[in-house]
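Residues per chain are reported as follows:
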Amino acid sequence: TVNDDVVKFTYKPVFSNHKPKIVKNMDIKTKIPGTIAKVLVNETTVVKKDEPLLFLETMKMRIQICAPFNAIISKIAVKAGDRVDSNQVLLSLSKN
């Protein structure tokens, strides 16, 4: 069974050479394989920074994936029950 504790994970954009960069679009990818437990948003949903987007269950943990910035959901590539692999795109965001 899955542990009732939820691990919160917010994706942070990473930039080379420490130069500031404006992020307009971003794919949210999974770091580890697992199963999508629940998708909390729909396409065109407006989300705020740190707002939960979906839950990923893996290794008896439930991981809450959160928005890294204020955005609009431009594409959802998964649904509840889907098995996902490492580095798979879960959804795409557009900065609003």
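Residues numbered from 1 in each chain as written. Predicted model: local features only at pLDDT ≥ 70, side-chain atom pairs only at ≥ 80, totals over all residues. Heavy atoms only, no water.

## Quick word on the confidence of the model for the chain
Summarising the model, the chain shows a mean pLDDT of 81, and 75% of its residues fall at 70 or more. Ranking the helices and strands of the chain by mean pLDDT puts strand S8 (residues 83-84) first, with 96, and strand S1 (residues 6-10) last, with 54. Low pLDDT, under 50, characterises residues 13-22; the stretch is placed with five contacts to residues that sit more than four places away or in other chains. (pLDDT = per-residue confidence, 0-100. Helix = DSSP H or I, 4+ residues; strand = E, 2+ residues; numbered from the N terminus. Contact = heavy atoms within 4.5 Å.)

## Points about the nonpolar core
Within the largest apolar cluster, 19 residues are counted, with the highest numbers of intra-cluster contacts made by Ile36, Val47, Leu53, Leu54, Ile73, Leu91 and Leu93. Within the residue set of this core, elements represented by two or more residues are strand S2 (25-29), strand S5 (52-58), strand S6 (61-66), strand S7 (71-76) and strand S9 (89-95). Excluding residues within four positions of it along the chain, isoleucine 73 makes contact with Val41, Asn42, Glu43, Thr44, Thr45, Val47, Leu53, Leu91, Ser92 and Leu93. (Core = buried A, V, L, I, M, F, W, Y, C linked by side-chain atoms within 4.5 Å. Buried < 20%, exposed > 50% of the residue type's maximum accessible area, 1.4 Å probe, protein only.)

## Brief notes about the pairing of S7
In the sheet, strand S4 (residues 46-47) pairs with S7 via two bridges, with the strands oriented antiparallel. Bridge pairing in S7 places valine 47 opposite alanine 71. Note: S7 against S9, five bridges, orientation antiparallel. Across the sheet, residue isoleucine 76 finds its bridge partner in S9, namely leucine 91. (Pairing = 2+ DSSP bridges.)

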